[in-house]
Amino acid sequence: MKVLTARFLALLIAAPIGFAAAAEIGGKATVDTPLCPAGHLPHKEGDWPEAKGCPTDTSQAPPSSTARVPAQPHSLSRTSPFADLPPCGGDARQGRGGCLPQRHDLSEQDLQRVETVTRPTTDFSKAEQFEAMSGGATTTIAPIDEKVFQQFSANLPFEDEQNFKLGKALFEKLWVSAPSSTQASDGLGPLYNARACESCHLRDGRGRPPEAGDATSTVFRLARPPHDEAERRMVADHEVLNLPDPAYGAQLQDSAVPGLAAEGRLKVSYTEEQVTLSRGETVSLRKPEYAVADLGYGRMDPTTTLSPRVTPPMIGLGLVEMIHEADILAQADPEDRDGDGISGRAALVRDRDSGKIALGRFGWKAQNPTIRQQAADAFAIDIGISTPAANRSHGDCTKAQNACLSLPTGVQARLGPVEAPDPVLGLVTFYSANLAVPARRKAGFPQTLQGKQLFYEAGCPACHLPKYVTRRDAPHKELAFQLIWPYSDFLLHDMGEGLADGQQVGVASGREWRTPPLWGLGLTKTVSGHTFLLHDGRARNFTEAILWHGGEAEMARSAFVAMSRDDRLALLSFLESL
């Protein structure tokens, strides 16, 4: 669907780095002067912070875009010491893993400013400029309640609010089996996990692991390794991410339309494991064991791997899509050339709309390059609804499931060859792209700042990269040229055997996961009613999530374990503020 062209509305409290902001607030601000909101924005019964023009600090700006960036202390950021690497030719720049193309959406002046503003901080005495506005000018300052993840971007033009609300209605729509008198809503399944996007992404928040037989917001991904050279070539050429189970497909569907047997149900059990922290304090981690029960279509292939995935939060997706590829690739270092123990890899996948190889950004293993493709896959696999981007009207039914394939679909000749024709997918994509990130809480509080410094000193920003500036040439101007704070490098990292699922997804191995963004992390309990974290929800709180880190994150985990109790509490306060 082609949505209306958005016009850019600058917010007085948060300009997109302020490079294009012009306002008079307590004095004159030029078009090149950013606005400076306070580090902490009160939400309820609080005064708005006074915005003021900020003098541009040129003392740290590199003299030209070809100047080498000074190395940051490894104890703070563990970023690559680019200054010690040989210069690149042409307009390429040095990344952690080698020479990379430059951002061509920026002028020379803009590029220098972006390099300066995104450089890791070394000053933890106060909040950074714009740090409270995690999503730049898109940030919502709505009251902090269970609906705070459902707000649209603060700078969304009025004429686009209709598209957002229509997308929201379709996101919450309950689909029914075909044939039905409600022809605009039929086509469910025949095998499925949920009847609506909202069923899994409740209030656009984080899913939870199975509990009391309810696994609605957890899916069980199925995949087997290639069995012959032809299948290996399909994976290598990015034609497929992996191979589905011959009988059960790519995902275990625990629900089915009337008259059809479900595929089975997910079972999980936990054993407790003790971890000792500094000074003898202990923490109990729960180690999950997964199995399937009540299989409805015979045995699974013995080589099929099973990977549980809880639904991630929906906020900030449009901003993530507008991060320039060069900025993500600059952090990749698959051969660990800089020797810091961090070897993030880019997830290269096939963009089905363009047919080209693209950078994966979405999903637990970065298996999708765009929000549209992610949404289309969810329609097809989770709900069993076909769209123009994934024409699978029988969903995940396999050739071994004849009863499933023989059932009617919701395709209607008058509407075209799919069950959800345009503009359904376009509207859901637009809705998903414009769910706003809430403003930070207590970003300038002393304990938060202490925790932030400890976060940096532990080396966490080596993967949880704090900030980016989105593309200047973004097709929707409300997402363009925004200083954002997702705290992710969006790369694949080996997280150790403890978190390994053994399942290859594209270039991602069974030990690798995409670094998840941390924005909105502290609002999980408020929005979703729980504090479960990680890809399968095994961690019950921040501490457990950190202690499950291994592999490339082992050094950061060890630093957390060695901290005093007060320091750990400060670091957790920082995470709570995100």
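Here the structure is a predicted model, which is why all the values come from computation and not from measurement.

J.: Can you help me understand the overall build of the protein chain in this one?
T.: A count of helical and extended segments in the protein chain gives 14 helices and 14 strands. Here the protein chain holds 578 residues, and the buried ones make up 58% of them. Within the protein chain, counting contacts between residues at least 6 apart in sequence, those at least 24 apart form 69% of the total. Total accessible area on the protein chain stands at roughly 23600 Å², and carbon and sulfur atoms take up 54% of it.

J.: So what exactly am I meant to see when it comes to the packing of aromatic side chains here?
T.: Two aromatic rings, taken as a pair, are described by how far apart their centres are and by the angle between their planes. Applying the stated rule across the entire model yields 12 aromatic pairs. Both rings, one in F124 and one in Y456, keep their centres 5.2 Å apart while their planes meet at 70°; by these two values the pair is edge-to-face. Highlighted residues: F124 in the loop between α1 (108-117) and α2 (161-172) and Y456 in helix α10 (residues 446-457), separated in sequence by 332 residues. With a relative accessible area of 10%, F124 lands in the buried category. Relative to F574, the ring of F455 lies with its centre 5.0 Å away and its plane at 55°, an arrangement referred to as tilted. A residue pair is termed long-range when its members are at least 10 positions apart, and F455 in helix α10 and F574 in helix α14 (residues 565-577) qualify at 119 residues. Of the two residues, F455 and F574, neither departs from the other in class, the shared state being buried. Taken together, F124, F455, Y456, Y487 and F574 form an aromatic cluster joined through their ring pairs. Residue placement shows R472 over the ring face of F481; its charged tip is 3.7 Å from the ring centre. The ring of W548 carries R538 above its face, with NZ or CZ at 4.4 Å from the centroid.

J.: Would you mind going over the packing of α10 against α14 with me for this structure?
T.: Packed helix pairs are specified by the crossing angle of their axes together with the interaxial distance, meaning the distance between the axes. With their axes 7 Å apart at the nearest point, α10 and α14 run at an angle of 100° to one another. By the criterion of interaxial angle, the relationship of α10 to α14 is roughly perpendicular. For the pair α10 and α14, the contacting residues are Q447, T448, Q450, G451, K452, L454 and F455 in the first and D567, L569, A570, L571, S573, F574, L575 and S577 in the second. By residue class, the composition of the contact of α10 with α14 is 7 nonpolar, 6 polar and 2 charged.

J.: How should the pattern of salt bridges be read in this particular structure?
T.: A side chain with one charge can pair with a side chain of the opposite charge if their charged atoms come near. All chains considered together, the criterion is met by 33 salt bridges. A salt bridge links E146 to R203; its shortest N-O distance comes to 4.0 Å. Of this pair, E146 sits in the loop between α1 and α2 while R203 sits in the loop between α3 (197-200) and β4 (218-223), and the two are 57 residues apart along the sequence. On the accessibility criterion, E146 (40% relative accessible area) is partly exposed. When the shortest N-O distance is used, the salt bridge between D494 and R511 registers 3.0 Å. With D494 in strand β13 (residues 492-494) and R511 in the loop between β13 and β14 (512-514), this residue pair connects regions lying 17 residues apart in the sequence.

J.: Is there a simple way to think about the state of the cysteines in this case?
T.: Linking two cysteines covalently via their sulfur atoms produces the bond known as a disulfide. This structure, assessed with the given rule, holds 1 disulfide. Cysteine C460 shares no disulfide, and the gap to the nearest cysteine sulfur, in C463, comes to 8.8 Å. Look at C460 and you get buried, because its relative accessible area is 18%.

J.: Honestly, the confidence of the model for the protein chain in this entry has me stumped. Any pointers?
T.: Close reading of the predicted structure is inappropriate where its pLDDT is low. On average, residues of the protein chain carry a pLDDT of 86, and 83% of them reach 70 or more. Low pLDDT, under 50, characterises residues 1-85; the stretch is placed with 187 contacts to residues that sit more than four places away or in other chains.

J.: Explain α10 to me, please; I cannot follow it from the model alone.
T.: Since there are 3.6 residues in each turn of an α-helix, residues three or four apart along the chain are aligned in direction. For α10, with 12 residues, the first-to-last C-alpha span of 17 Å sits near the 16 Å given by 1.5 Å per residue. Along α10, the residues that are buried comprise T448, L449, G451, K452, L454, F455 and Y456. Contacts from the buried residues of α10 go to α14. Backbone geometry just downstream of α10 places G459 in the positive-phi region, at approximately 90°.

J.: What is the right way to look at the side chain of H201 in this model?
T.: Mapped onto the fold, H201 is located in the loop between α3 and β4. By relative accessible area, H201 is classed as buried at 16%. Setting aside chain neighbours within four positions, we find H201 in contact with F171, T311, P312 and M314.

J.: Got a minute to help me understand the pairing of strand β6 (residues 265-276) in this structure?
T.: Looking down a regular strand, the side chains alternate between one sheet face and the other. Relative to strand β7 (residues 282-293), β6 runs antiparallel, the two being bridged by 12 bridges. Bridge pairing links Q274 to S284 in β7. Where β6 folds back onto β7 in an antiparallel hairpin, the turn is made up of 5 residues, including R279, whose phi is positive at roughly 60°.

J.: Explain unusual backbone geometry here, please?
T.: Leave glycine aside and you will find that most residues have negative phi; peptide bonds, for their part, are mostly trans. Residue G189 is joined to P190 through a cis peptide bond whose omega torsion reads 10°. Among the secondary structure elements, P190 is positioned in the loop between α2 and β3 (191-192). Put simply, D422 and P423 share a cis peptide bond, and its omega is 10°. Considering the arrangement of structural elements, one finds P423 in the loop between α8 (402-405) and α9 (424-433). Phi is positive for R203, which is not a glycine, with a value near 50°. With a phi angle near 60°, R279 is a residue other than glycine that sits in the positive phi range. Position of R279 among the secondary structure elements: in the loop between β6 and β7. A relative accessible area of 81% means that R279 is categorised as exposed.

J.: What should I look at first to understand the pairing of strand β8 (residues 305-310) in this one?
T.: The buried fraction of β8 is high, at 5 of 6 residues. By the bridge criterion, 6 bridges tie β4 to β8 in an arrangement that is antiparallel. Along β8, the bridge assignment pairs F220 with P308.

J.: Mind showing me how you'd approach the packing of α2 against α9 here?
T.: Closest axis-to-axis distance for the α2/α9 pair is 7 Å, and the angle between their directions is 105°. Relative to α9, α2 is oriented roughly perpendicular. Two secondary-structure elements touch here, α2 through N163, F164, L166, G167, K168, L170 and F171 and α9 through V424, L427, V428, F430, Y431 and S432. Taken together, the residues of the contact of α2 with α9 break down into 9 nonpolar, 3 polar and 1 charged.

J.: So what exactly am I meant to see when it comes to α2 here?
T.: In a regular helix each residue adds 1.5 Å, so 12 residues correspond to 16 Å; α2 covers 17 Å between its end C-alpha atoms and thus fits that length. When α2 is considered as a whole, its buried residues turn out to be E161, N163, F164, G167, L170 and F171.

Procedures and definitions
- Residues numbered from 1 in each chain as written.
- Predicted model: local features only at pLDDT ≥ 70, side-chain atom pairs only at ≥ 80, totals over all residues.
- Heavy atoms only, no water.
- Helix = DSSP H or I, 4+ residues; strand = E, 2+ residues; numbered from the N terminus.
- Buried < 20%, exposed > 50% of the residue type's maximum accessible area, 1.4 Å probe, protein only.
- Contact = heavy atoms within 4.5 Å.
- Areas by Shrake-Rupley, 256 points an atom, 1.4 Å probe, with all protein chains shown as cover.
- Phe/Tyr/Trp six-rings, centres within 6.5 Å; stacked < 30°, edge-to-face > 60°.
- Lys NZ or Arg CZ within 6 Å of the ring centre and 35° of its normal.
- Axes fitted to C-alpha atoms, helices over the stretch in contact; angles between N-to-C directions.
- Parallel < 35°, antiparallel > 145°, perpendicular 65-115°, else oblique.
- Nonpolar A, V, L, I, M, F, W, Y, C, P; charged D, E, K, R; others polar.
- Salt bridge = Lys/Arg side-chain N within 4 Å of Asp/Glu carboxyl O.
- Disulfide = S-S within 2.5 Å.
- pLDDT = per-residue confidence, 0-100.
- Expected span 1.5 Å × (residues − 1).
- Pairing = 2+ DSSP bridges.

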